[in-house]
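Residue-level listing of the chains:
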Amino acid sequence: MKERPAFLLATLGGLGERLPAPGTTVGSLLAAALFFPLEAVAGALARPAAVLVCAALVPVAVVACGRDAQRRGVVDPGPVVLDEVAGQWLALTAVALVAPAPLGVGAIALSFLLFRAFDVLKPWPITRLERLRGGWGIVADDLAAGAAAAAVHLLLAPHLRLF
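1. Focus on a nonpolar patch on the surface
Now for step 1: Where nonpolar side chains cluster on the molecular surface, the patch consists of Val51, Leu97 and Val98 and spans about 250 Å² of accessible area.
Now for step 2: Assignment of secondary structure puts valine 98 in helix H5 (residues 82-98).
Now for step 3: We classify valine 98 as exposed; its relative accessible area is 52%.

2. Thoughts on the side chain of aspartate 142
Now for step 1: Position of aspartate 142 relative to the elements: it lies in helix H7 (residues 134-160).
Now for step 2: For the buried aspartate 142, which has no salt bridge, the nearest side chain bearing the opposite charge is lysine 122, at an N-O separation of 4.7 Å.
Now for step 3: Excluding residues that lie within four positions of it along the chain, aspartate 142 makes contacts with Asp83, Glu84, Gly87, Phe115 and Asp119.

3. A few points about helix H6 (residues 105-121)
Now for step 1: Taking 1.5 Å of rise per residue, 17 residues should cover 24 Å, and H6 covers 24 Å from first to last C-alpha, within 8% of that figure.
Now for step 2: Listed in full, the buried residues belonging to H6 are Ala107, Ile108, Leu110, Ser111, Phe112, Leu114, Phe115, Arg116, Phe118 and Asp119.
Now for step 3: At the C-terminal side of H6, lysine 122 shows a positive phi close to 45°.

4. Looking at the nonpolar core
Considering soluble globular proteins, one finds that nonpolar side chains tend to be buried as a cluster.
Now for step 1: Grouped together as the largest cluster of nonpolar side chains are 31 residues, with contacts concentrated most on Phe35, Cys65, Leu82, Trp89 and Leu103.
Now for step 2: Elements with a minimum of two residues in this core: helix H3 (23-41), helix H4 (46-72), H5, H6 and H7.
Now for step 3: Here this core takes ten residues from H4, the largest share from any one element.
Now for step 4: Counting nine residues, the second largest nonpolar core, distinct from the first, contains Phe115, Phe118, Ile126 and Ala148.

5. Quick look at the packing of aromatic side chains
Now for step 1: In total, this model carries one aromatic pair according to the counting rule given.
Now for step 2: Their ring planes at 70° and their centres at 4.9 Å tell us that phenylalanine 35 and tryptophan 89 sit as a pair that is edge-to-face. On the criterion of sequence distance, the pair formed by phenylalanine 35 in helix H3 and tryptophan 89 in helix H5 is long-range, its members being 54 residues apart.
Now for step 3: The buried category is assigned to tryptophan 89, whose relative accessible area is 6%.

6. Section: the confidence of the model for the protein chain
Low pLDDT means the predicted coordinates in that region are not meant to be read closely.
Now for step 1: Within the protein chain, residue pLDDT values average 89, and 95% of them lie at 70 or more.
Now for step 2: Across the protein chain, the secondary-structure element scoring lowest on mean pLDDT is helix H2 (residues 15-18), at 72, and the one scoring highest is H5, at 96.

Definitions and limits used
Residues numbered from 1 in each chain as written. Predicted model: local features only at pLDDT ≥ 70, side-chain atom pairs only at ≥ 80, totals over all residues. Heavy atoms only, no water. Patch = residues over 30% accessible without salt bridge, like charges linked within 9 Å, V, L, I, M, F, W, Y side chains within 5 Å. Areas by Shrake-Rupley, 256 points an atom, 1.4 Å probe, with all protein chains shown as cover. Salt bridge = Lys/Arg side-chain N within 4 Å of Asp/Glu carboxyl O. Helix = DSSP H or I, 4+ residues; strand = E, 2+ residues; numbered from the N terminus. Buried < 20%, exposed > 50% of the residue type's maximum accessible area, 1.4 Å probe, protein only. Lys, Arg positive; Asp, Glu negative; His and termini not counted. Contact = heavy atoms within 4.5 Å. Expected span 1.5 Å × (residues − 1). Core = buried A, V, L, I, M, F, W, Y, C linked by side-chain atoms within 4.5 Å. Phe/Tyr/Trp six-rings, centres within 6.5 Å; stacked < 30°, edge-to-face > 60°. pLDDT = per-residue confidence, 0-100.

In structure tokens, the structure reads:
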């Protein structure tokens with residue numbers, strides 16, 4: 001992957017550099033915002049589509065984020081936000097696969113908040129994944145945060161009557 005395409009993918013077209021909000025929040029919010037219409041419009045195809053997007057997003061994020069970080073000479077640059085998109089998308093996809101109905105705004109908001117909490121706090125063993133080399137070190141901790149967010153979401157959902 002060339003430097004320019006890697007930069008455009010890793011930063012979501014430069015969005016991670018241009019917004020006043022933290023790039024990590026922007027990437028997560030964008031993933032959640034894109035997931036909602038998928039659930040609302042795609043019907044029966046929403047879940048298979050979400051799985052396909054997630055499966056395609058992870059290797060692209062590993063390569064693009066790793067390349068852009070290497071170009072910048074920084075291990076995990078702030079403007080690189082595709083890793084957050086991948087982690088948030090994983091959290092939403094995992095919850096959607098278990099939910100009996102399409103995810104509504106409340107369920108998507110809870111997923112967003114839980115993912116952000118795990119991404120910011122990085123409890124053990126999530127924090128250890130940052131030690132991986134290259135793009136995997138950038139993306140793996142976000143995928144683990146997404147998995148942890150989905151697990152907690154699924155534990156809380158029946159009590160919050162989200163599905």
